[in-house]
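Now for the letters of each chain:
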Amino acid sequence: MKASLFVTCVVDQFYPEVGESAVRVLRRLGVEVDFQEEQTCCGQPAFNSGFRSDAKPLAKRFLDTFESSESIVIPSGSCAAMVRVFYEELFHDEPDLAAKARNVAAKTFELTEFIVDALGITRLPESSGPPRRTRVTYHEGCHLRRELGVMTQPRALLEAAPGVELAPMRQADVCCGFGGAFAVKYPDISGGMLADKLRHVAETGADAVTACDSTCLMQIAGGMEKSGMTTRAVHVAQLLDEAMG
Amino acid sequence: MADRQAFMASIRRALGRDAPGASVQPPSETALSLDPADLDARARAAANDASERSDELMDALARSAASAGWKVARVSTLEEAAGYIRSAALDVEAKTVVRSAHELLDSMGIDAALANVGIRAETMTAGDESGREALRETAFHAEMGVTGADYAIAETGSVALLARAEVSRLVALLPPAHVAVVERAIVLPSLDELFTLRRGAFYDGNLGSYMNIITGPSRSADIEQTLVTGVHGPGEVHMVLLE
Amino acid sequence: MKPKTGDFNRAAASALADADVQRNMRGLYDGFHMARERAAEATPNWEDLRDRARAVKAHTIEYLDHYLGMAAENVERAGGKVFFAKDADEASRYILDLAAARGVKTVIKSKSMLSEEMGLNARLEEAGVEPVETDLGEYLIQLRGETPYHIVAPALHLSKEQVADLLQEEIGGPRYERAEDLTAAAREQLRGKFFEADMGITGANFLVAETGTLVLVTNEGNGRMCTSMPKVHVAIMGMEKVVPSMEDMGMFLRLLIRSATGQRLSSYVTLVNGVRRDDDVDGPEEFHLVVVDNGRSKMLADPALREALYCLRCGACLNACPVYRKVGGHSYGWVYSGPIGAVVSPMLTSLPDAKDLPYASSLCGACREVCPVRIDIPRMLLHMRSDLAEGGPHSGSPRASLAERLTMKAWRLAVARPWMLRLANRLARLAQRPLVKDGRLRKLPPPLSAWTRHRTFPAVASRPFRDRWRSELRKSRRDG
Ligand code: SF4
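Residue indices follow the written sequence of each chain, beginning from 1 at its first position. For this description, chains carry letters from A and ligands carry numbers from 1, given in the order in which they are written. Local features are withheld for residues below a pLDDT of 70 in this predicted model, meaning they are given only at 70 or higher, and side-chain atom pairs are given and counted only at 80 or more; totals for whole chains, interfaces and linings count all residues. Side-chain numbers come from the whole structure's heavy atoms, not from hydrogens or water.

Asker: Mind showing me how you'd approach helix α18 (residues 377-390) of chain C here?
Answerer: In an α-helix, one full turn covers 3.6 residues, which means residues spaced three or four apart are oriented alike. The terminal C-alpha atoms of α18 of chain C, which comprises 14 residues, lie 20 Å apart, in line with the 20 Å expected from a rise of 1.5 Å per residue. When a residue's accessible area, from a 1.4 Å probe over protein chains only, is under 20% of the maximum for its type it is buried; when over 50% it is exposed; and in between it is partly exposed. Strands are runs of DSSP state E lasting at least 2 residues, helices are runs of H or I lasting at least 4, and numbering of each runs from the N terminus. Of all 14 residues making up α18 of chain C, 12 are buried, and the element is well covered by its neighbours. Listed as buried for α18 of chain C are I377, P378, M380, L381, L382, H383, M384, R385, S386, D387, L388 and A389 of chain C. The inward-facing, buried residues of α18 of chain C contact α3 (44-49), α4 (52-66) and α5 (77-90) of chain A together with α14 (316-320), α16 (338-348) and α17 (366-370) of chain C. By definition here, a helix of n residues has an expected span of 1.5 Å times n minus one. We call two residues in contact when some of their heavy atoms are within 4.5 Å.

Below is the structure:
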């Protein structure tokens, strides 16, 4: 199986280690990974702010870059949703591009979804050394859950990961308050939502909080640092990487 | 009519049509797509089904009614029913009980049963304007209202009351306590059968002016999301199930 | 009701700072929201019901003229009168004329969002008619001169203490403390009004086209009072409330009520067919149905917003919304609040004035997840955002600020090509240098300082992923 990694602009610029983990995890599962260097951003920030004409060239660029890939894997529920769900809406009055978007959407996956649904893997290879024990709690990204309908896959992989113990979080599916432009436009409302999320993370007593989106984790990690919490924030790709490494 | 024509025209403009939808085909999702000619058959099937499952439905009704806040009493005879109503009336220290003219209540001798313990029972029926005014006053001051029911719904724990010649809307509304007597034969499985029957009534030309589906006591949670019963309607409700 | 939709930011800030509001709002999740969750789970075929109801609403709205016409004929056949009002003013005037003609002095009212939208109470008062709200929550906010805080629970924001003060001032007598006693006091106060009133005004939860039946859902019993006691009953209804068949009511009632409060059925579901019949014991002698557009056809005309008219006003999207639970109902500045309010309020008033509302969402989609008719609110918000940012039909011209537009252009430039991204990375690293400590930015200068009030920010990576790919990952192939 071949997969082109769309690493997302946030991972590229802020969390390159998440991309590295994604590459290692996929390779260990037997996937041939490539990285199209022409990629930049899926255009979501512009689309979500209402600037559709600014989002379009980026979406076109994405479609051109990945049109001939066998499958496209994205370590972000939100960016995967942009490609899979919103490109069609963006190009609703340009039938050719809409068709191209549908075609690309059909082979685009969020990382855990790709592993479980496309590769059919729910059992992970044992790590070489003794597994590192971690208690982890999982935050469910909004677009991952509600635009892509991915709910069981990340949990299944975390449960299968050697050494990882899942601690359930109350209101795990409630938004962390990030929402891209929302957090910039309404930092205090976003901060209020974040405070609730942090309370629920703290209640679990977990060592780490994880998610499939680096943007949620950016928000949660930033809040935890501000409020003096020492819980780690790690992307699911990193946890899987650690567990298999 | 001018208001209506202009209004409809503006709706059509918004919908991008200039004529009324030539022949509107209701989709299968709405019951409007089901032929009213089959209503009778469906209603009968529903009623048969209900009578075959009546034990099960009575049990289900008793459970759902209790969880909706009714005090449920299961009685096997009319005398028992009258006895239950009498003691409920005594519990609320009733001086006056108003009741509907449901035949069932006549046949259980409710008036006499109440009179025996010194409680006045008033039957609210149609009369002239001044009679109605007086009845309102009576109902307003009565401590309890007693009615039969036209249907009961096992799914939701409800009784449905139709307004008609013998049945005032106010008996089950104005007094602070209400007792509804439910016979086995009127228990329906769910809301769906109720509305099938009502739709049938419409095509038979006797829908009437009013139906009230009552599910438990009057309640509100408007103050700090705290549940309070007995706001404008009865705070205490009894369902007497007649086996 | 003069909209204050432009005040979102200030109102939200004050709600965030109000500990009472925050505590009350937190209760919504464990209360209404979880009650809905349990009720949905306990209802067989819940997801099918939602699909079916959505399909029925879609069809009805597509042929709205047809179904309204059918409904009106049937209401008239049952002895009612029907008036179609293009706006709030026409609807109010019809009611005022009727009140004047019948010499009405007191009107008892059952909760209606449309009445709030029309500002009907103020109009009645001006005409010397006393309007009395009889739903407890609605009565309380009428006394305070406020709009509803929540579609289903209008007085959600008030504490017991506030209610106690309010009622003591209005009624006199002792100051009660407990919810039971406060409710009893309000009940006593309102009882007399039910007898005095010459007109009852209700809203409408549904109107069944096939039979001309008005369906009202209440818990307190005031709806029954308003439809049984006065000689004249007036029902006001947004034009989207019509449904095709009596036999659809099982489905709609289950969805509406279980989504709203989680009850299997509300205490009272009242079905009204015109006026009292000759041999009825009681009931009104006149029944008037006022069907109101008041801007709804703007949503009807825009295929992207049409589904807002499927709304059953159950309030589930408010309870599910993490933004609503922070900012509360009044921040939205008009009658409707929460996710559906962020769509409906701008459309019924003015989108440019209410331009903050479509942005007051993290687009998390919790609203759509609970909506009984699966209204895609996030998509409608996105549609309105693009209308605002780029000057669509509802906004006329672009409404984004210069700063927003410049930020967008700068960002677009940065991500336009890989080499530009590399350049942007280098510039960002230069700019952040004085602010970074241990790889984090803890205090940003304005306008980003608000961000760092609640969270720190990661520094831009010195070696972005694309560089690491080139130098190591590409070659290493399989290392597992
Ligand atoms: S939009 Fe949906 S969830 Fe919100 S009030 Fe309307 S019907 Fe209920």
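Asker: I would appreciate a short explanation of the sheet that holds strand β7 (residues 208-211) of chain A in the present structure.
Answerer: Note on sheets: strands pair through backbone hydrogen bonds, and any given pair is parallel or antiparallel. Residues and elements named next belong to chain A. For two strands to count as paired, DSSP must find a minimum of two bridges between them. Ordered in space as β6-β5-β7-β8, the 4 strands form an open sheet in which the pairing is parallel. What marks the edges here is a single partner per strand, and that holds for β6 (164-166) and β8 (232-235). This sheet shows a mean twist of 40 degrees between the axes of neighbouring strands, independent of strand direction. Pairing of β7 with β8 involves 4 bridges; the strand directions are parallel. Along β8, the bridge assignment pairs A211 with H235. All axes are obtained by fitting lines to C-alpha atoms, using only the stretch in contact for helices, and the reported angles, taken between N-to-C directions, cover 0 to 180 degrees. Relative to the sheet, helix α12 (residues 214-226) contacts β7 and β8, its axis offset from that of β8 by approximately 175 degrees. The strands touched by helix α13 (residues 236-244) within the sheet are β5 (134-138), β7 and β8, with β8 carrying the most contacts at an inclination of about 90 degrees.

Asker: Can you help me understand the packing of aromatic side chains in this one?
Answerer: Pairs of aromatic rings are described using the distance from one ring centre to the other and the angle between the two planes. Note on ring pairs: Phe, Tyr and Trp rings are taken, using the six-membered ring of Trp, and paired if centres are within 6.5 Å. Classes follow the plane angle, with under 30 degrees stacked, over 60 edge-to-face and the rest tilted. Applying the stated rule across the entire model yields 23 aromatic pairs over all chains. When the ring of F35 of chain A is compared with that of F465 of chain C, the centres are 5.1 Å apart and the planes differ by 65 degrees; the resulting orientation is edge-to-face. With F35 of chain A in the loop between β2 (32-34) and α3 and F465 of chain C in helix α22 (residues 465-476), the pair connects residues from two separate chains. This pair shows no difference in class: F35 of chain A is buried, exactly as F465 of chain C is. Aromatic side chains F202 of chain B and Y203 of chain B sit 5.1 Å apart centroid to centroid with 85 degrees between the ring planes, which places their arrangement in the edge-to-face category. Through a chain of ring-to-ring contacts, three or more aromatic side chains come together here, namely F6, F62, F66, Y87 and F91 of chain A. Any Lys NZ or Arg CZ that is within 6 Å of a ring centre and within 35 degrees of that ring's normal is treated as a charge sitting over the ring. Over the ring of Y268 of chain C we find R224 of chain C; its NZ or CZ atom is 4.5 Å from the centre of that ring.

Asker: What's the story with the packing of α5 of chain A against helix α6 (residues 95-105) of chain A in this structure? I'm lost.
Answerer: When two helices pack together, their arrangement is given by the angle between the helix axes and the distance between those axes. Residue and element names in this part refer to chain A. At their nearest, the axes of α5 and α6 sit 9 Å apart, and the two run at 170 degrees to each other. It follows from the interaxial angle that α5 and α6 lie roughly antiparallel. Helix-helix and strand crossings are classified by hand; for α5 and α6 the assignment is left-handed. Contact with α5, carried on its side by V83, R84, Y87 and E88, involves A98, A101, R102, V104 and A105 of α6 and no other residues of that element. Any angle that falls under 35 degrees is termed roughly parallel, while one over 145 is termed roughly antiparallel, one within 65 to 115 roughly perpendicular, and all others oblique. Definitions for this section: a left-handed crossing has its near helix turned counterclockwise from the far helix by less than a right angle. A right-handed crossing has that turn clockwise.

Asker: Would you take a moment to explain empty space enclosed by the protein for this structure?
Answerer: To locate leftover empty space, one rolls a probe as large as a water molecule over the atoms. Residue and element names in this part refer to chain C. Cavity means a closed set of points on a 1 Å grid over the protein atoms alone, one where a 1.4 Å probe fits but cannot get out, pocket means an open set with protein on both sides within 12 Å along at least 5 of 7 lines, and lining means a residue has an atom within 4 Å of a point. Grid points are joined across faces, edges and corners, and a volume is the space filled by probe spheres set on the points. By the definition in use, this model includes 8 cavities of 30 Å³ or more. Computed from the structure, the largest cavity encloses a volume of approximately 120 Å³. Surrounding the largest cavity, 18 residues form its lining, C321, P339, S361, C367 and L381 being those nearest its centre. Those elements that place two or more of their residues in the lining of the largest cavity are α16, α17 and α18.

Asker: What is the right way to look at α13 of chain A in this model?
Answerer: Residues and elements named next belong to chain A. Among the 9 residues of α13, 8 are classified as buried, and the element is accordingly described as predominantly covered. Residues of α13 that are buried include every one of V236, A237, Q238, L239, L240, D241, A243 and M244, and no others. Structurally, α13 contributes buried residues whose contacts are with α2 (16-28), α7 (111-118), β5, α9 (152-160), β7 and β8.

Asker: Is there a simple way to think about the domain arrangement of chain A in this case?
Answerer: A common way to state how big an interface is: give the accessible area lost once the parts meet. Residues and elements named next belong to chain A. Residue ranges labeled as domains rest on an automatic or database domain assignment. Segmenting chain A into domains produces domain 1 (2-118) and domain 2 (134-244). For domain 1 versus domain 2, the distance between C-alpha centres works out to 21 Å. Contacts between the two partners involve 30 residues from domain 1, matched on the other side by 21 residues from domain 2. For any pair of parts, buried area is found by adding up, for both, the accessible area (1.4 Å probe) each one loses once the two are put together. Roughly 2,200 Å² of surface becomes buried between domain 1 and domain 2 when both sides are summed, with 67% attributable to carbon and sulfur atoms. Think of a salt bridge as a Lys or Arg side-chain nitrogen and an Asp or Glu carboxyl oxygen that are within 4 Å of each other. Across the domain 1-domain 2 interface, the total number found is 2 salt bridges. R24 serves as the salt-bridge partner of D241, at 2.8 Å between the closest nitrogen and oxygen.

Asker: Help me understand the side chain of R191 of chain C in this model?
Answerer: Position of R191 of chain C among the secondary structure elements: in helix α10 (residues 179-196). Positive: Lys, Arg. Negative: Asp, Glu. His and the chain ends are not part of the count. Put simply, R191 of chain C is tucked away with no salt bridge, and the nearest opposite charge, on E188 of chain C, sits 5.6 Å away. Excluding its chain neighbours within four sequence positions, the residues that come into contact with R191 of chain C are F140, L173, L174 and H232 of chain B together with M225 of chain C.

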